[in-house]
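# Overview (structure and organization)
Chain by chain, the residues:
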Amino acid sequence: EPAIAESAEEIAPPRPAQVALEEELRHASAVLNKSREVVRSLFNEARMGRALDVESCLPLVNDIAESVWRNQHAMLSLARLKTHDDYSYMHSVAVCALMVALARQLGQSEAQARVAGFAGLLHDIGKAMMPLDLLNKPMALTEQEYAVIKTHPRRGHEILSQTPGAAELELDVCLHHHERLDGKGYPEGLSGAGLSLAARMGAVCDVYDAVTSDRPYKAAWGPAETMAQMAQWAKSGQFDNNVFQAFVKSLGIYP
């Protein structure tokens, strides 16, 4: 991770002071509009088999992190508002913001939080290689279709493995964000100590944003309902409970 952390640190201004929600909503909205285009371009490059310029995303990660630090409710609330057409792109942006907030709650440095955010931004790049009709299917997938979708972590890992500037932590979160603590996840069925902290963080942030967003086949749950359900999933072994509890604290109360 050091190369990414250092390069993120070099271009990052001092941590901004906290501001009121109303003030940050304007900044967060502008950042989200910019991020939609950056991530869409990144996915298109991957889909066309071109080399990714991930380091061009570092300023965006800094912008997202700074917005979270000024007033995280603005970015995290707006990031839930996705359209059907931009879900894949804005899910990546939302997971970036959630990872930044969670990293800080876990006591990580600002540089580490930016690296975690960068991993969140790139975690689903393998979705660029999935058939669009499956990603946009307005009903539950068949077993065969789901098997295809479940290849996206490996496809993403392959893309990032060939991408200059993508560090080990980003590769780890990309490959392992669908693993579960109880070993029932995919693609490798890792469990317990086999899962890094970053992968455990990615799993929680990914599921939270997916469940609280409208999908082609399912309406969004509210944050409170989602937290209650995720607490049950944590108890049953899907998530690291310590990471989940930190995640709950990192979100605070939504306005």
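Please refer to the structure higher up on the page.
Here's what I pulled together on the structure shown here.

Broken down by element type, the protein chain carries twelve helices and zero strands. The C-alpha atoms of the protein chain give a radius of gyration of 17 Å, which matches the 18 Å a tight globule of 255 residues would have. For the protein chain, with 255 residues in total, the buried portion stands at 51%. Here the analysis covers contacts within the protein chain between residues at least 6 apart in sequence; of these, 72% occur between residues at least 24 apart. Only carbon and sulfur atoms are counted for the fraction: they give 53% of the accessible area of the protein chain, which is about 11300 Å². Positive and negative side-chain charges of the protein chain, numbering 24 and 32 respectively, have mean locations separated by a distance of 5 Å.

Summed over the entire model, instances satisfying the criterion amount to four aromatic pairs. For the pair tyrosine 146 and tyrosine 186, a centre-to-centre distance of 6.4 Å together with 85° between the ring planes defines the contact as edge-to-face. Placement of tyrosine 146 in helix α7 (residues 143-149) and of tyrosine 186 in the loop between α9 (168-176) and α10 (197-211) is noted, with a sequence separation of 40 residues between them. With a relative accessible area of 39%, tyrosine 146 lands in the partly exposed category.

With that out of the way, let us pick up the nonpolar core. Grouped together as the largest cluster of nonpolar side chains are 65 residues, with contacts concentrated most on Ile64, Val68, Met75, Leu121, Ile125 and Phe247. Among all residues touching isoleucine 125, those that are not within four sequence positions of it are Leu42, Phe43, Ala46, Leu52, Gly156, Ile159, Leu160 and Cys174.

The final tally for this structure, using the stated rule, is twelve salt bridges. Its salt-bridge partner being arginine 40, residue glutamate 37 comes within 3.0 Å of it at the nearest N-O pair. Residue glutamate 37 and its partner arginine 40 are located together in helix α2 (residues 21-47), separated by three residues, close to a single helical turn. Judged by its relative accessible area of 45%, glutamate 37 falls in the partly exposed class. We note a salt bridge from aspartate 124 to lysine 127, for which the minimum N-O separation is 3.3 Å.

With their axes 7 Å apart at the nearest point, helix α8 (residues 152-161) and α9 run at an angle of 160° to one another. As summarised for this structure, α8 and α9 are arranged roughly antiparallel, according to the angle between their axes. Both α8 and α9 take part in a crossing whose hand is right-handed. Judged by residue contacts, Pro153, Arg154, Gly156, His157, Leu160 and Ser161 of α8 engage Glu170, Leu171, Cys174 and Leu175 from α9. Tallied by class, residues from the contact of α8 with α9 come to five nonpolar, three polar and two charged.

Going through the model one piece at a time under the given rule, you end up with one cavity of 30 Å³ or more. Estimated volume of the largest cavity: approximately 30 Å³. Along the walls of the largest cavity sit Glu179, Arg180, Leu181, Leu195, Arg200, Ala203, Gln238, Phe239 and Asp240, which together make up its complete lining. Of the residues that constitute the lining of the largest cavity, the class distribution is four nonpolar, one polar and four charged.

Note that cysteine 96 resides in helix α4 (residues 87-105). In this structure cysteine 96 comes out as buried when scored by relative accessible area, which is 0%. When the C-alpha atoms of cysteine 96 and glycine 107 are compared, they prove to be 17 Å apart, with eleven residues separating the residues in sequence.

Inspection of the secondary structure assignment puts serine 92 in helix α4. Apart from the residues lying within four places of it in its own chain, the contact partners of serine 92 are Val39, Phe43, Gly120, Leu121, His123 and Asp124.

Scoring rules and cut-offs
Residues numbered from 1 in each chain as written. Predicted model: local features only at pLDDT ≥ 70, side-chain atom pairs only at ≥ 80, totals over all residues. Heavy atoms only, no water. Helix = DSSP H or I, 4+ residues; strand = E, 2+ residues; numbered from the N terminus. Rg over C-alpha atoms; globule rule 2.2 N^0.38 Å. Buried < 20%, exposed > 50% of the residue type's maximum accessible area, 1.4 Å probe, protein only. Contact = heavy atoms within 4.5 Å. Areas by Shrake-Rupley, 256 points an atom, 1.4 Å probe, with all protein chains shown as cover. Lys, Arg positive; Asp, Glu negative; His and termini not counted. Charge placed at Lys NZ, Arg CZ, Asp CG, Glu CD. Phe/Tyr/Trp six-rings, centres within 6.5 Å; stacked < 30°, edge-to-face > 60°. Core = buried A, V, L, I, M, F, W, Y, C linked by side-chain atoms within 4.5 Å. Salt bridge = Lys/Arg side-chain N within 4 Å of Asp/Glu carboxyl O. Axes fitted to C-alpha atoms, helices over the stretch in contact; angles between N-to-C directions. Parallel < 35°, antiparallel > 145°, perpendicular 65-115°, else oblique. Left-handed = near helix turned anticlockwise from the far one by under 90°. Nonpolar A, V, L, I, M, F, W, Y, C, P; charged D, E, K, R; others polar. 1 Å grid on protein atoms, 1.4 Å probe; cavity = no way out; pocket = protein on both sides within 12 Å on 5 of 7 lines; lining within 4 Å. Points joined across faces, edges and corners; volume = space filled by probe spheres on them.

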